[in-house]
Amino acid sequence: MSVLKIPYGKQNINEEDIKAVVEVLRSDWLTQGPMIERFEKTVAEYCGAKFAVAVSNATAALHIACLAVGLKSGDILWTSPNTFVASSNCGLYCGASVDFVDIDPKTYNMSLQALQEKLDLASSMGKLPQILIPVHFAGQACEMEKIANLVKPYGITIIEDASHAIGGEYKGKKIGSCAISDMTVFSFHPVKIITTGEGGMILTNREDLYKILIRLRTHGITRDPLFMDGESHGPWYYQQVDLGFNYRITDLQAALGVSQMKR
Ligand SMILES: Cc1ncc(COP(=O)(O)O)c(C=O)c1O
């Protein structure tokens, strides 16, 4: 008897994708070349967001998104329990504690009632979170407007974990537009909608966050005199102003991403 095996995931790679990657292999840039900016611009324009920062994976994206808004030891992050470990680990990386807002059994997304109840309780105990990460489960958008209305009075930052939701829409806008959030994160792991092998991206409309994210992606290093201690000594000169990471994506991956975005 033959057994039908259903794979956990199966990426879709065509000849155009292969050509795009080979072109980069023959070019002068394997990392931090022109394809990364092109990939960022392609995704930002598609989603209708102002800024995009491509990184090595969505876990890294969630980590620096939390750092960019200053999440630290003693702080609290809430997310959905129906997700992958990365949506909560990003809080732990920053030294914060993590708690979960239960899901709606009809949508598998964050329950508005559970959120309301948890906010009321946390507010009475003085234990409100600094960050809320709703997860758009399997491409289905969370009730973002209602979530935002509930958390806004408390000044809570919203980071959308849209790791499996690029291409999804909410109220006529693409997920990733950040119309109702501070940042949105995508994953480009092969089980996601489009792939770059490994890869992730943060979208935002806030220039202040964009500038921090760009630095944190590359060791906390800047060449912008505006952020330096003292004067710049020329275009080659850089300073490390934050403790950042090497969370860069390669040009090879970005070329695959640009090609995948065409479909
Ligand atoms: C909801 C969610 N968030 C974050 C991630 C982490 O993505 P990555 O593998 O790109 O780090 C995943 C991956 O499966 C995910 O499903």
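Residues numbered from 1 in each chain as written. Predicted model: local features only at pLDDT ≥ 70, side-chain atom pairs only at ≥ 80, totals over all residues. Heavy atoms only, no water.

### Points about the site of the ligand
Part 1: As a structural note, the neighbourhood of the ligand is formed by 15 residues, with Ala-58, Thr-59, Asp-161, Ser-187 and Lys-192 the closest of them.
Part 2: Between the ligand and Ala-58 there is a distance of 2.9 Å, counted from an oxygen atom to a backbone nitrogen or oxygen.
Part 3: At a separation of 3.2 Å, an oxygen atom of the ligand approaches a polar side-chain atom of His-164.
Part 4: When the ligand sits alone it has 400 Å² of accessible area, and the protein chains cover 91% of it.
Part 5: Under a 2 Å grid-point criterion requiring more than half of the atoms, the pocket assigned to the ligand is the largest pocket.
Part 6: Elements with a contribution of two residues or more to the shell around the ligand: helix H3 (58–68) and helix H4 (86–93).
Part 7: Per-element accounting of the shell around the ligand gives the leading share, three residues, to H3.
Part 8: For the shell around the ligand, the class distribution of residues is five nonpolar, eight polar and two charged. (Near = heavy atom within 4 Å. Polar contact = N/O pair within 3.5 Å; in protein donor to acceptor, adjacent residues only side chain to side chain. Areas by Shrake-Rupley, 256 points an atom, 1.4 Å probe, with all protein chains shown as cover. 1 Å grid on protein atoms, 1.4 Å probe; cavity = no way out; pocket = protein on both sides within 12 Å on 5 of 7 lines; lining within 4 Å. Sits in = over half its atoms within 2 Å of the grid points. Helix = DSSP H or I, 4+ residues; strand = E, 2+ residues; numbered from the N terminus. Nonpolar A, V, L, I, M, F, W, Y, C, P; charged D, E, K, R; others polar.)

### Focus on the pattern of salt bridges
Part 1: Counted under the stated rule, the structure contains eleven salt bridges.
Part 2: Residues Asp-99 and Lys-118 are paired through a salt bridge, measuring 2.8 Å at the closest nitrogen-oxygen approach. Taken together, the residues span a long stretch of sequence, with Asp-99 in strand E3 (residues 97–100) and Lys-118 in helix H5 (residues 112–125) at a distance of 19 residues.
Part 3: Salt-bridge contacts for Glu-145 lead to Lys-171; the nearest nitrogen and oxygen are separated by 3.1 Å. Note that Glu-145 is positioned in helix H6 (residues 144–151) and Lys-171 in the loop between strand E6 (169–170) and strand E7 (173–174), a separation of 26 residues in sequence. (Salt bridge = Lys/Arg side-chain N within 4 Å of Asp/Glu carboxyl O.)

### Description of the state of the cysteines
Disulfides are covalent bonds that link the sulfur atoms of two cysteine residues.
Part 1: Applying the stated criterion across every chain yields a total of zero disulfides.
Part 2: Not engaged in a disulfide, the cysteine Cys-90 finds its nearest cysteine sulfur in Cys-66; these two sulfurs lie 3.8 Å apart. (Disulfide = S-S within 2.5 Å.)

### Focus: H6
Part 1: Within H6, burial applies to Met-144, Ile-147, Ala-148, Leu-150 and Val-151. In an axial view of H6, the angular spread of the buried residues amounts to 160°, which keeps them on one side of the axis. (Buried < 20%, exposed > 50% of the residue type's maximum accessible area, 1.4 Å probe, protein only. Arc of directions from axis to C-beta.)

### What about the sheet that holds strand E5 (residues 157–161)?
Part 1: Here we have seven strands laid out as an open sheet, ordered E1-E9-E8-E5-E4-E2-E3, and mixed in their pairing. The sheet terminates laterally at strand E1 (51–55) and E3, the two strands that pair on one side only. Averaged over all neighbouring strand pairs, the angle between strand axes comes to 20°, with direction disregarded.
Part 2: Examined bridge by bridge, E5 and strand E8 (residues 183–187) share three bridges and lie parallel to one another. (Pairing = 2+ DSSP bridges. Axes fitted to C-alpha atoms, helices over the stretch in contact; angles between N-to-C directions.)

### Focus: the packing of aromatic side chains
Part 1: Under the defined criterion, the tally for this structure stands at five aromatic pairs.
Part 2: Here Phe-51 and Tyr-210 contribute two aromatic rings whose centre-to-centre distance is 4.7 Å and whose plane-to-plane angle is 20°, an arrangement assigned as stacked. Of this pair, Phe-51 sits in strand E1 while Tyr-210 is found in helix H7 (residues 207–217), placing the two residues 159 residues apart along the sequence.
Part 3: Residue Tyr-210 is classed as partly exposed on the basis of its relative accessible area of 23%.
Part 4: Measuring from centroid to centroid gives 6.1 Å for Tyr-108 and Phe-137, while their planes differ by 75°, and the two rings are edge-to-face. Residue Tyr-108 is located in the loop between E3 and H5, and its partner Phe-137 is located in the loop between strand E4 (131–133) and H6; the two are separated by 29 residues in the primary sequence.
Part 5: Given a relative accessible area of 46%, Tyr-108 falls into the partly exposed group.
Part 6: Above the plane of the ring of Trp-78 lies Lys-118, whose end atom (NZ or CZ) is 5.3 Å from the centre.
Part 7: One cation-aromatic arrangement involves Arg-215 over Phe-227; the distance from NZ or CZ to the ring centre is 4.8 Å. (Phe/Tyr/Trp six-rings, centres within 6.5 Å; stacked < 30°, edge-to-face > 60°. Lys NZ or Arg CZ within 6 Å of the ring centre and 35° of its normal.)

### Some details on the environment of Phe-186
Part 1: Here Phe-186 is to be found in strand E8.
Part 2: As a C-alpha pair, Phe-186 and Val-55 span 131 residues in sequence and 9.9 Å in three-dimensional space.

### A look at the layout of surface pockets
Part 1: Quantified by volume, the largest pocket comes out at close to 390 Å³.
Part 2: Broken down by secondary-structure element, the contributors of at least two residues to the lining of the largest pocket are H3 and H4.
Part 3: Ranked by the residues each element gives to the lining of the largest pocket, the list is headed by H3, at three residues.
Part 4: Class assignment for the residues of the lining of the largest pocket results in nine nonpolar, ten polar and three charged.
Part 5: Taken as a whole, the second largest pocket spans an internal volume of roughly 220 Å³.
Part 6: The wall of the second largest pocket is formed by 15 residues, among which Ala-20, Glu-23, Met-35, Arg-38 and Ala-255 lie closest to the centre.
Part 7: At the level of elements, helix H1 (15–25), helix H2 (34–47) and helix H8 (251–261) are the ones that each hand at least two residues to the lining of the second largest pocket.
Part 8: Looking at the lining of the second largest pocket, the element that brings in the most residues is H1, giving five residues.
Part 9: Classifying every residue of the lining of the second largest pocket gives seven nonpolar, two polar and six charged. (Points joined across faces, edges and corners; volume = space filled by probe spheres on them.)

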